[in-house]
Amino acid sequence: MQKMTVTFLAIVMALLFGVSAAGAHTAQVQGITEGAVPSEASNVVDAAKDATAERKEALNKARELRVNTLEEKRRIRADLKSAGEEKKEERRVLGEEKRELRTEAREAREIKRAEKKAEIVEKRAERKAKIAEKRKARIMAYAERMLKRLHAALGRIERLGERVASRIEKFNERGIDTTEAALLLEESRAEAEKARLGLEEARIAIASAVEAENPKEAFLKVRTIVKEAIVNIKGAHKALIEAIKALRASVGTNAEEETGESETE
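Residues numbered from 1 in each chain as written. Predicted model: local features only at pLDDT ≥ 70, side-chain atom pairs only at ≥ 80, totals over all residues. Heavy atoms only, no water.

### Here's the deal with the overall build of the chain
Line of reasoning, step 1. Tallying secondary structure elements over the chain gives 6 helices and 0 strands in all.
Line of reasoning, step 2. Reading the secondary structure of the chain in the N-to-C direction produces α-α-α-α-α-α.
Line of reasoning, step 3. Here the chain, with 265 residues, has 24% of them falling under the buried criterion.
Line of reasoning, step 4. The long-range share in the chain, meaning contacts at least 24 apart out of those at least 6 apart in sequence, stands at 76%. (Helix = DSSP H or I, 4+ residues; strand = E, 2+ residues; numbered from the N terminus. Buried < 20%, exposed > 50% of the residue type's maximum accessible area, 1.4 Å probe, protein only. Contact = heavy atoms within 4.5 Å.)

Right, here's the structure in full:
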């Protein structure tokens, strides 16, 4: 009966404390069933207690390991979170630096584009200025040639007028009536003076027109002045021709009168 009780206790202990305890006590149970002494049952109980203590210790270590593991996980998670935040901050800083670099590059391009545009505008202005200077030079050269031709024509008319005046004076000394020729000569001289003043005015107007903000309008005034001067030159020439004709007519009339008087005598 005692053997059965011990065996039953051993089996219960094995079931309560795990397979490892049961394995450890299998030989002892077998010994009890085969006629072991009662002291051996006490050893089994002590072994069971030791196994229980070891199991508790193992559970405590497992629990402690689990706590440590959880704490390690939390620490790792916190480290990862911190690392993620640092990485995020690093990406943000890098993003800001990239944006600043892009902004600086864009500003540099804009500055370069503006400088290039200003250089193009400056070169264009210089080219326009050179063209304008050449155009002014051509206009002034043309104006000088035109005024020179007009002055030459006016000079020829004035020299011819001096010769006519000399003839009128000689004919007056001979008693020939040169009143009409003299009046026409004065008219020619008046027109010539107007033409000379007009040509000088045209020279000044041309020099002013090439520097004007609106050259087209300025040269309209020049054209008007030159046209008036040409009209005066033509008027001087026409009056001088009429004076010569009148002088010839006066000489012819005087010759006829002299012929008639000689025939009467």
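Moving on from the coordinates now.
### Here's the deal with the nonpolar core
Line of reasoning, step 1. Core analysis: the biggest nonpolar cluster contains 32 residues, and Val-164, Leu-185, Leu-199 and Ile-233 have the highest contact counts within it.
Line of reasoning, step 2. Ranked by residue count, the leading element in this core is helix α6 (residues 215–264), at 11 residues.
Line of reasoning, step 3. With residues near it in sequence (within four places) discarded, Val-164 still touches Leu-185, Leu-240, Ala-243, Ile-244 and Leu-247. (Core = buried A, V, L, I, M, F, W, Y, C linked by side-chain atoms within 4.5 Å.)

### A word on the pattern of salt bridges
Line of reasoning, step 1. Summed over all chains, the structure comprises 9 salt bridges.
Line of reasoning, step 2. Salt-bridge contacts for Glu-89 lead to Arg-92; the nearest nitrogen and oxygen are separated by 2.3 Å. A residue pair is termed a helical-turn pair when its members lie 3 or 4 positions apart in one helix, as Glu-89 and Arg-92 do in helix α4 (residues 38–173) at 3 residues.
Line of reasoning, step 3. Residue class for Glu-89 comes out partly exposed when judged on its relative accessible area of 38%.
Line of reasoning, step 4. One network of salt bridges, with partners in common, ties together Glu-89, Arg-92 and Glu-96. (Salt bridge = Lys/Arg side-chain N within 4 Å of Asp/Glu carboxyl O.)

### Digging into a negative patch on the surface
Line of reasoning, step 1. A grouping of Glu-97, Glu-100, Glu-104, Glu-107 and Glu-110 is seen on the molecular surface, where their side chains present a negatively charged patch.
Line of reasoning, step 2. Among the structural elements, Glu-97 can be located in helix α4.
Line of reasoning, step 3. Accessibility expressed as a relative area gives 39% for Glu-97, which makes it partly exposed. (Patch = residues over 30% accessible without salt bridge, like charges linked within 9 Å, V, L, I, M, F, W, Y side chains within 5 Å. Areas by Shrake-Rupley, 256 points an atom, 1.4 Å probe, with all protein chains shown as cover. Lys, Arg positive; Asp, Glu negative; His and termini not counted. Charge placed at Lys NZ, Arg CZ, Asp CG, Glu CD.)

### Details of the environment of Leu-160
Line of reasoning, step 1. Along the chain, Leu-160 turns up in helix α4.
Line of reasoning, step 2. Of the residues examined, Leu-160 reaches a relative accessible area of 26% and is grouped as partly exposed.
Line of reasoning, step 3. For the pair Leu-160 and His-237, spaced 77 residues apart in sequence, the C-alpha to C-alpha distance is 9.4 Å.

### Considerations on the environment of Ala-236
Line of reasoning, step 1. With respect to the helices and strands, Ala-236 occurs in helix α6.
Line of reasoning, step 2. Considered as a pair, Ala-236 and Leu-184 are 52 residues apart in the sequence and their alpha carbons are 9.2 Å apart.
Line of reasoning, step 3. Dropping the residues within four chain positions of it, Ala-236 is found in contact with Ile-157, Ser-188, Glu-191 and Ala-192.

### Observations regarding a positive patch on the surface
Line of reasoning, step 1. A cluster of basic residues, Lys-98, Arg-99, Arg-102, Arg-106, Arg-109 and Arg-113, forms a positive patch on the protein surface.
Line of reasoning, step 2. Following the sequence through the fold, Lys-98 ends up in helix α4.

### Here's the deal with the side chain of Glu-191
Line of reasoning, step 1. Here Glu-191 shows up in helix α5 (residues 179–209).
Line of reasoning, step 2. Lys-194 is the oppositely charged side chain nearest to the buried, salt-bridge-free Glu-191, at an N-O distance of 4.1 Å.

### Some points on the confidence of the model for the chain
Line of reasoning, step 1. Here the chain averages 80 in pLDDT, and 80% of its residues register 70 or above.
Line of reasoning, step 2. Mean pLDDT per element in the chain: helix α2 (residues 19–24) is the minimum at 44, and α5 is the maximum at 94.
Line of reasoning, step 3. Confidence drops under pLDDT 50 across residues 18–37; counting only partners more than four residues distant or on other chains, this segment forms 17 contacts.
Line of reasoning, step 4. Low pLDDT, under 50, characterises residues 259–264; the stretch is placed with 0 contacts to residues that sit more than four places away or in other chains. (pLDDT = per-residue confidence, 0-100.)

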